[in-house]
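Structural overview
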Amino acid sequence: MEFVGYLGDVFLPFNFLLLLLGTIGGLILGATPGLSPTMAVALLIPFTFQLAPAQGLILLGAAYTSTVAGGAVSAILLKIPGAPANIATTLDGHTMAQKGQGAKALQLSFLASAVGGIFGVLLLIFLTPVLAKWALAFGPSHLFWLAILGVTVIGTLDSSSVVKGLLSGCIGLWLATIGFDDIMGAQRFIFHPALGGGINVIPALIGLFAIPQVITMFAKGRASTAAEVIVVQKSPIKEAIAEVFKRKRALAIGTGVGSIIGLIPGVGGQIAGLVAYDQSKKFSPEAEKFGTGHSEGVIAAEAANNAMVGPSLVPLLTLSIPGSPTAAVLLGGLLIHGIFPGSDLFDNHPDVAWTFINSMLIGQVLMCIFGLYVAGLAASVARVPHSVMAAVVLGLAVFGSYSVQNSMGDVYVMATLGVGMYFLERFGFSAAPLVLGLILGPIAEANFIQGSMIANATSSITSYFFTGPLNLTLIAIVVASVGYSFWMELRSRRYTSKEEIMG
Amino acid sequence: MNDLPRNQHIIASGVVAAVGIWVTYVSYTQEPAAAFLFPRMISTVFVVLALWTFGKAVMGRSKVGAGLSAAAMKNIAPGLIVALIYIFWAARGLGFYTASTITFFILLSLYDPAPHAELRSWIKRIIITAGFLAVMYALFAGLLNVYTPREIFF
Amino acid sequence: MKKWIAGAATALMTLTGAAFAEGHGDYPDRPIMLMVSYGAGGATDFQARIVTMTAGNEDALGVPIAIINKPGAGGRVGWNWLASQAEADGYTLGAYNIPHFIAQSIEGGVSYTADSFEPIANWGADPAVFVVAADSPFNSMQDVVDYAKENPGGLTFSGAGLFVGHHIAALQLEKAAGVKLAYIPSNAGGAGAMKSVIAGEVLGGVNNLSDAFRAREAGNVKVLGVFDLERNSFMEDVPTMAEQGFDIDNASVNFRGVMVPKGTPQPVIDHLAAVVPTMFENSSVQGKMSAGGSPMHVMTREEVQEMWTARQATLQELLAGL
């Protein structure tokens, strides 16, 4: 219970001011397309040069927690996921906003984020030593199977056609191989100089989700908006709170999946939201409502995103290994003050360590309060006429993808993928599985290659990839997940054919 | 049933299948083989699924996806052309913010249902454009220190 | 607004006659960007941010330096960009890592060689070290080599990738000890390679001295040897490879510094070469670097040019057998 002793430090006037600043700033940065939490934290590092270590980390901790939650804002209102973590949020969140329930979607997402986030930080406080072992348990073979598990989620993401869903996933996997191969350094599929660096995930995300939106708005032409003004429904906070706690299953699955997967270095943060979304759909009696603006989808995805924040720092704080890009940037923030994460941090600088962790805890609460306060206001974005909206989203997409690496090449990639995606979407392909392929491709490939190199040097490939309890557990989950998708597909096919006969 | 979506489905899945065949061809012919091991695995699945989808489209059994209607295309064309000129040429050729301002204003005018004849609607469009660009400038150039191609405005 | 302030500042400085007497006109009159070919949070990025933090001071360049990350494929993406797409106007600098980019240019498949860039100054030298997990039975390099002799090709050890400093060190070790080893390149850089050592996925690893220093402080690893000519002040107790009987020089030491693309005007290069090393010598920079466990080694343009030529020759010989 050491952390309680340092709780007071967070509420010192100057520290609390920094916490507020970090939270509000983080929400704004997180809501800006193209600014991933990693970039946002990196941008804030120079400000911490002037501050004491504990104060600098309060700013960074608060910013980290709230940028992750802030990403949901653009995902829900504009269908632009700010970071890979928010892809699952767009699926139901944006549909809710289109139905005029934007305020509710935002409230649910902030509440679920806070619940998941607080749980995650509590795990960090109480279970760090246990979690550190778990984080190290995942070697190349396990990460490979985990990536494959991610691919099986495709069946759930795309309800229209499993074959086209898988095909979209393959296109994504192929796009991920463009550029220099990470291990050998060989050039692959570089048919335009803009692709030399491969396809950066953030511009690709923006293009694949935002540009089809823009074109769909173009398709409406100069139609009078009067006919389709969306009534933005008011949503009392009390009802949103009741809703979140009524959806206990989604909340629990989201929080659980987020904290377990978020812990795994290198993989967790990007797929936690999608896996949680998939699992809560599979366990929900109302599975068919997912994707149509169902509250469980938003709750599971956002609870998972924020539950991941605390555990994702475990490898950094205990073993001094940054498990995610954001953790790597935070490591820089610590080193600059001469503090080494690991036992040094907790033994010699407990004030810094615990103030940092506490600031994330309090930051979750502040983020939630502030988020709930602006949700109603922000949701009126849905009332903006589509002519303005199309131009705004296009502008944001271009600025956002440019600012990731200050590169026009990224903007070209964003636009090309986006326009291509619009046409593919008209023929039953979808963006979510494609992006999933794009994210999981490099993870699957690198771990497969590394795993087989280790296997060749020590034992055989079969024994390396197919033995051991963790491998077998993961394979079992993969098989179960695929089997379940097939069963659902067969069941729904029976339903559709009946309808066709009747129609 | 109208034949238009079916033909469109054939073209769309045909394009995807062609890409799949190209990817597979490249994966199996390029060196070093070790670096193309994973692309080979993916492209094999890719090309099988793509040909399957193409076959279904030819048999007229593609059900998902509404296709494109002529009316929608007519609405999309002007906006898409402006957007592409902006992204692929103007952003570099004219300067990032200048091009963004012009594009934003043109797109707004193209799709705004307010009557073009009234001065009021033009003033409104100018105000919205100026407001949006001011916010973008403050956020990206001021706060985030993003360096744009060419000078900031020209 | 920013431009206006920068302009005013430049005007003021020109008036007082304080700066740019030897410069290229009024260079620099706007912020400069420094391309780092590794991701935010990596060792190169972290150090680049520290050593450039005083660039805005009146006695340094007078304008801030912004870090732009272009990570990918062990640095190839960023250096390709710098060699072929960046404007050689003095406002685009790049961070270099030796021996990485020279080794990559010898291996081929990239659009740069050592001649594509002009060095400005060197800020750091981070030797490679051999690490094993804290509970490993290996206690010296001899133990490692003995194991490798009993299990040819069976000693797995990690490093940050192919054709980077760690890989060079691995090749040197193989050659000097006359054994066959299984080098496993990590796609997640030095941090990923370190994780696989601590987690026991591999038997050992080559890693950066600065990262190994932190991991040892945290009690996770043992450091068995330094791939350098002398012991390092951060780890006086760790012997060099030569002390342990292996003929290995400092070819794998990771030198980090600033360069510009070829074609940058000579007066600009001269101005940068005069000012940048003094920026690295700044006491607050030195303090932050040593606090972060990053060994510094400031070298001027002439010294770096010599070092590049020497590395080119060594690496060509070492990589010829591949």
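Residues numbered from 1 in each chain as written. Chains lettered and ligands numbered in written order. Predicted model: local features only at pLDDT ≥ 70, side-chain atom pairs only at ≥ 80, totals over all residues.

All right, on to unusual backbone geometry then. Backbone torsion omega between Ile98 of chain C and Pro99 of chain C reads 5°, so that peptide bond is classified as cis. Tracing the backbone shows Pro99 of chain C in the loop between β3 (92-98) and α4 (100-107). Phi at Lys79 of chain A is positive, roughly 60°, even though this residue is not glycine. Note that Lys79 of chain A resides in the loop between α5 (53-78) and α6 (87-98). A positive phi angle is found at Phe189 of chain A, which is not glycine, with a value near 55°. Along the polypeptide, Phe189 of chain A turns up in the loop between β2 (187-188) and α11 (201-219). Among the residues examined, Phe189 of chain A registers 19 C-beta atoms within 10 Å and is labelled partly exposed. (Helix = DSSP H or I, 4+ residues; strand = E, 2+ residues; numbered from the N terminus. Buried ≥ 20, exposed ≤ 12 C-beta atoms within 10 Å, placed from the backbone.)

Another aspect to go through is the sheet that holds β3 of chain C. Residue and element names in this part refer to chain C. Pairing in this open sheet of 6 strands is mixed, and the strands run β2-β1-β3-β10-β4-β11 from one edge to the other. Both outer strands of the open sheet, β2 (65-69) and β11 (296-299), are each paired with one neighbouring strand and no more. Sheet twist, expressed as the average angle between the axes of neighbouring strands with direction ignored, equals 25°. Note: strand β4 (residues 117-126) against β11, 2 bridges, orientation antiparallel. Note on β11: the bridge partner recorded for Asn122 is Met299. (Pairing = 2+ DSSP bridges. Axes fitted to C-alpha atoms, helices over the stretch in contact; angles between N-to-C directions.)

On the side of chain B, 52 residues touch chain A, which itself brings 48 residues to the contact. Counting only elements with at least two residues in the side of chain A that touches chain B, the list comes to α10 (162-177), α11, α21 (386-405), α22 (408-425) and α23 (431-458) of chain A. The greatest single-element share of the side of chain A that touches chain B, amounting to 11 residues, is contributed by α21 of chain A. (Contact = placed C-beta atoms within 7 Å.)

Here we take up the nonpolar core. Judged by nonpolar contacts, the single largest core of 326 residues is most densely connected at Ala397 and Val435 of chain A together with Val129 of chain C. When residues in this core are grouped by element, the largest group, 17 residues, is from helix α7 (residues 102-136) of chain A. Dropping the residues within four chain positions of it, Val129 of chain C is found in contact with Asn207, Leu209, Ala212, Val223, Gly225, Val226, Phe227 and Val238 of chain C. (Core = buried A, V, L, I, M, F, W, Y, C linked by C-beta atoms within 7 Å.)

For the rest of this paragraph, the subject is the domain arrangement of chain C. By a widely used convention, the size of an interface equals the accessible area lost when the partners come together. Residue and element names in this part refer to chain C. Once the domains are mapped, chain C shows domain 1 (2-126 + 253-319) and domain 2 (128-226). Distance between the C-alpha centres of domain 1 and domain 2: 30 Å. Opposite the 15 residues of domain 1 that make contact, domain 2 presents 16 residues. Sorting elements by how many residues they give to the side of domain 1 that touches domain 2 places α4 first, with 4 residues. Residues of the side of domain 1 that touches domain 2, tallied by class, amount to 6 nonpolar, 7 polar and 2 charged. (Domains from an automatic or database assignment. Nonpolar A, V, L, I, M, F, W, Y, C, P; charged D, E, K, R; others polar.)

Another aspect to go through is the packing of α6 of chain A against helix α15 (residues 295-307) of chain A. All names here are of chain A. Interhelical geometry of α6 versus α15 gives an angle of 145° and a closest axis separation of 8 Å. With respect to the hand of their crossing, α6 and α15 are arranged in left-handed fashion. On α15, the residues touching Ala88, Thr89, Leu91, Asp92, Gly93 and Met96 of α6 are Gly297, Val298, Ala301 and Glu302. (Left-handed = near helix turned anticlockwise from the far one by under 90°.)

Let us look at the sheet that holds strand β8 (residues 204-208) of chain C. Residues and elements named next belong to chain C. The mixed open sheet is built from 5 strands, whose spatial order is β7-β6-β8-β5-β9. In this open sheet, the two strands that pair with only one neighbour each are β7 (182-185) and β9 (221-226). For this sheet, the mean inter-axis angle between neighbouring strands, taken without regard to orientation, is 30°. Bridge count for strand β6 (residues 156-159) against β7 is 4 bridges, and the pairing is parallel. Looking at the pairing, Phe157 lines up with Tyr183 of β7. Against the sheet, helix α6 (residues 165-177) touches β5 (128-133), β6, β7 and β8, its axis set at about 130° to β8.

For the rest of this paragraph, the subject is the pairing of β4 of chain C. Residue and element names in this part refer to chain C. A large share of β4 lies buried, amounting to 10 of its 10 residues. Relative to strand β10 (residues 254-261), β4 runs antiparallel, the two sharing 8 bridges. For Glu118, the partnering residue across the bridge sits in β10 and is Val260.

Below, the discussion takes up helix α8 (residues 140-152) of chain A. Two residues of an α-helix separated by three or four positions point the same way, owing to the 3.6 residues in each turn. Residue and element names in this part refer to chain A. Taking 1.5 Å per residue, 13 residues should reach 18 Å; α8 reaches 19 Å between its end C-alpha atoms and fits that length. The buried fraction of α8 amounts to 12 of the 13 residues, a majority that puts the element mostly inside the structure. Those residues of α8 that sit buried are Pro140, Ser141, His142, Leu143, Phe144, Trp145, Leu146, Ala147, Leu149, Gly150, Val151 and Thr152. (Expected span 1.5 Å × (residues − 1).)

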